[in-house]
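Examining the three-dimensional arrangement
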Amino acid sequence: MNIPTTAPLTGPACRAGRALLQWSTQDLAKAAGVSPTTVNAIEGGKPFRPGSARKIVEAFAANSVEITNGAGTGARLVADGGAT
């Protein structure tokens, strides 16, 4: 599986990814192996560790969600089960 490396995780993108999966912050935290406090910090625009962001992006990718930063920050579903 290719993990996207060009789109940094932002609070709005994290919320968009959760919305696509209909996940709570607790659901994402469990899938990514981080604390709910970390998810809330990212979504609230507070400082966070790059390793935590990587784990969250990987959890999204494993569930067919790609973090994007084209014209704006966000997330999208991908058809092949992983980011391209």
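Here's a quick rundown of the structure. (Residues numbered from 1 in each chain as written. Predicted model: local features only at pLDDT ≥ 70, side-chain atom pairs only at ≥ 80, totals over all residues. Heavy atoms only, no water.)

All right, on to the overall build of the protein then. Scanning the protein for helices and strands turns up 4 helices and 2 strands. Going from N to C terminus, the protein has its helices and strands arranged as α-α-α-α-β-β. Considering the protein as a whole, with its 84 residues, one finds that 42% of them fall into the buried category. Put simply, 55% of the contacts in the protein that link residues at least 6 apart link residues at least 24 apart. Counting only carbon and sulfur atoms, one obtains 52% of the accessible surface of the protein, whose full area is about 4,600 Å². (Helix = DSSP H or I, 4+ residues; strand = E, 2+ residues; numbered from the N terminus. Buried < 20%, exposed > 50% of the residue type's maximum accessible area, 1.4 Å probe, protein only. Contact = heavy atoms within 4.5 Å. Areas by Shrake-Rupley, 256 points an atom, 1.4 Å probe, with all protein chains shown as cover.)

On to helix H3 (residues 36-43), then. Buried residues of H3: Thr38, Val39, Ala41, Ile42 and Glu43, and no others. Looking at the buried residues of H3, the elements they touch are helix H1 (11-21), helix H2 (25-32) and helix H4 (50-62). Gly45, located one to two residues past H3, shows a positive phi value of around 75 degrees.

In short, shape yes, function no, at least from these values alone.
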